[in-house]
Each structure stands twice: as structure tokens, then as C-alpha cells.
Amino acid sequence: QVQLVESGGGLVQAGGSLRLSCAASGRTFSTYAMGWFRQAPGKEREFVATISWNGGSTYYADSVKGRFTISRDNAKNTVYLQMSSLKPEDTAVYYCAAVRKRAGTMRVNDYDYWGQGTQVTVSS
């Protein structure tokens, strides 16, 4: 029902910035809370950030708090992840996800739809 396509990944130097975008299909995008997750080689998929249906509430993993910002533009059916002060530890495949809830969630299993992922590599 909902298709998500991430973009904006790439190679960036430590300390740099990058903005990821997630374009969503569907007529009811504004009714979904959205999230960003990441998965590094050899590790489980982990929560990064989430945003409520109207953008009124956000929540971040401790590892990215103060450096990353999640936002959404419902008119464009798009959610963003602005990443600053990037560290090599941020290197991972980043996934966009949607959940049929108004409030956000940090639990992987709560999400109903997932994008294909986009690679972010931070060099030292």
C-alpha cells in the first residue's frame, strides 16, 4: 500500500553533514508516523529517529541526539533525516519506515512499511 524510497546517501568525511530523504507513495501519508533506522555490518537494525504523523513530536536514539534531526513535509509526502557532525560510527545502511499510527515508535517490529535502504559511509 505504501512504498518508500530513500535517497541522499553517500560518502562523507567525519564532521561533515548529509541529508537523507524518503519519498512515500500513498494517499494517507499524513496518517503515518515515520522512522529512520540503520544497520551496520554484523549488527542488528537499530533505531535512529521517529516523528509523529503531524511532525509535532520527535524522538532520537542517544547515539545521534543533538546531531541528527528528523522532519517531514506532508505536502511532499517526504520525510528527512538531517545528519551533522558525522562520525565513522554512523556508517550504515539507513532505512526509512512507516507505521500506521499517529504517534512514533522506536520498535522495529512496530513498523508496517520499509524502504530499500541507502548507504551512508563516513570516512575518518
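In what follows, the structure referred to is the one given above.
*Asks:* Mind showing me how you'd approach the sheet that holds strand 1 (residues 4-7) here?
*Replies:* Hydrogen bonds along the backbone pair up the strands of a sheet, which may run parallel or antiparallel. One open sheet accounts for four strands, arranged 1-3-8-7; its pairing is antiparallel. Where the open sheet ends on each side, the last strands, each with one partner, are strand 1 and strand 7 (68-73). The mean inter-strand angle of the sheet, taken between neighbouring strand axes irrespective of direction, is 15 degrees. Relative to strand 8 (residues 78-83), strand 3 (residues 18-24) runs antiparallel, the two sharing six bridges. The partner of Ala23 across the bridge, within strand 8, is Thr78.

*Asks:* Which parts of the structure should I look at to understand the state of the cysteines?
*Replies:* Where two cysteines share a covalent bond between their sulfur atoms, that bond is called a disulfide. Per the stated rule, a full pass over the model turns up one disulfide. The side chain of Cys22 participates in a disulfide bridge whose partner is Cys96; the two sulfur atoms lie 2.1 Å from each other. Between Cys22 and Cys96, the S-S dihedral sits near -80 degrees, and the bridge is therefore left-handed. Pair noted here: Cys22 is in strand 3 and Cys96 is in strand 9 (residues 92-99), with a separation of 74 residues, a long-range link. A residue is classified by how much of its surface remains accessible, and Cys22, at 0% relative accessible area, is buried. Take Cys96: its relative accessible area is 0%, and that puts it in the buried class.

*Asks:* Would you explain the pairing of strand 11 (residues 118-123) in this entry?
*Replies:* Side-chain direction in a regular strand flips from residue to residue, so the side chains alternate between the two faces of the sheet. In strand 11, alternate side chains face the same way, and those of Thr118, Val120 and Val122 are buried while those of Gln119, Thr121 and Ser123 on the opposite face are not. Strand direction decides the pairing type here: strand 2 (residues 10-13) and strand 11, joined by four bridges, are parallel. Residue pairing in the sheet places Gln13 in a bridge with Ser123 of strand 11. Of the pairings in the sheet, the one linking strand 9 to strand 11 comprises three bridges and is antiparallel in character. Each bridged residue has a counterpart across the sheet, and for Ala92 the counterpart in strand 11 is Val120.

*Asks:* Looking at this structure, how should I read the pattern of salt bridges?
*Replies:* Pairing is possible between side chains that carry opposite charge, provided their charged atoms lie close to one another. Evaluated as defined, the whole model comprises five salt bridges. In this structure, Glu46 engages Arg38 in a salt bridge whose closest nitrogen and oxygen atoms are separated by 2.7 Å. Residue Arg38 is classed as buried on the basis of its relative accessible area, which comes to 5%. The closest approach of N and O atoms between Asp90 and Arg38, which form a salt bridge, is 2.9 Å. Within this pair, whereas Asp90 is found in the loop between strand 8 and strand 9, its partner Arg38 is found in strand 4 (residues 33-39), the two being separated by 52 residues in sequence. For Asp90, a relative accessible area of 1% gives the class buried. Within the structure, one salt-bridge network assembled from shared partners comprises Arg38, Glu46, Arg67 and Asp90.

*Asks:* I tried to follow unusual backbone geometry on my own but got confused; where do I start?
*Replies:* For residues besides glycine, phi is generally negative; the peptide bonds are generally trans as well. Unlike most non-glycine residues, Asn77 shows phi in positive territory, near 50 degrees. Overall, the relative accessible area of 19% leaves Asn77 in the buried class. A positive phi angle, close to 50 degrees, is found at Ser85, a residue other than glycine. The topology assignment puts Ser85 in the loop between strand 8 and strand 9. With a relative accessible area of 42%, Ser85 lands in the partly exposed category.

Calculation rules
Residues numbered from 1 in each chain as written. Predicted model: local features only at pLDDT ≥ 70, side-chain atom pairs only at ≥ 80, totals over all residues. Heavy atoms only, no water. Pairing = 2+ DSSP bridges. Helix = DSSP H or I, 4+ residues; strand = E, 2+ residues; numbered from the N terminus. Axes fitted to C-alpha atoms, helices over the stretch in contact; angles between N-to-C directions. Disulfide = S-S within 2.5 Å. Buried < 20%, exposed > 50% of the residue type's maximum accessible area, 1.4 Å probe, protein only. Salt bridge = Lys/Arg side-chain N within 4 Å of Asp/Glu carboxyl O.

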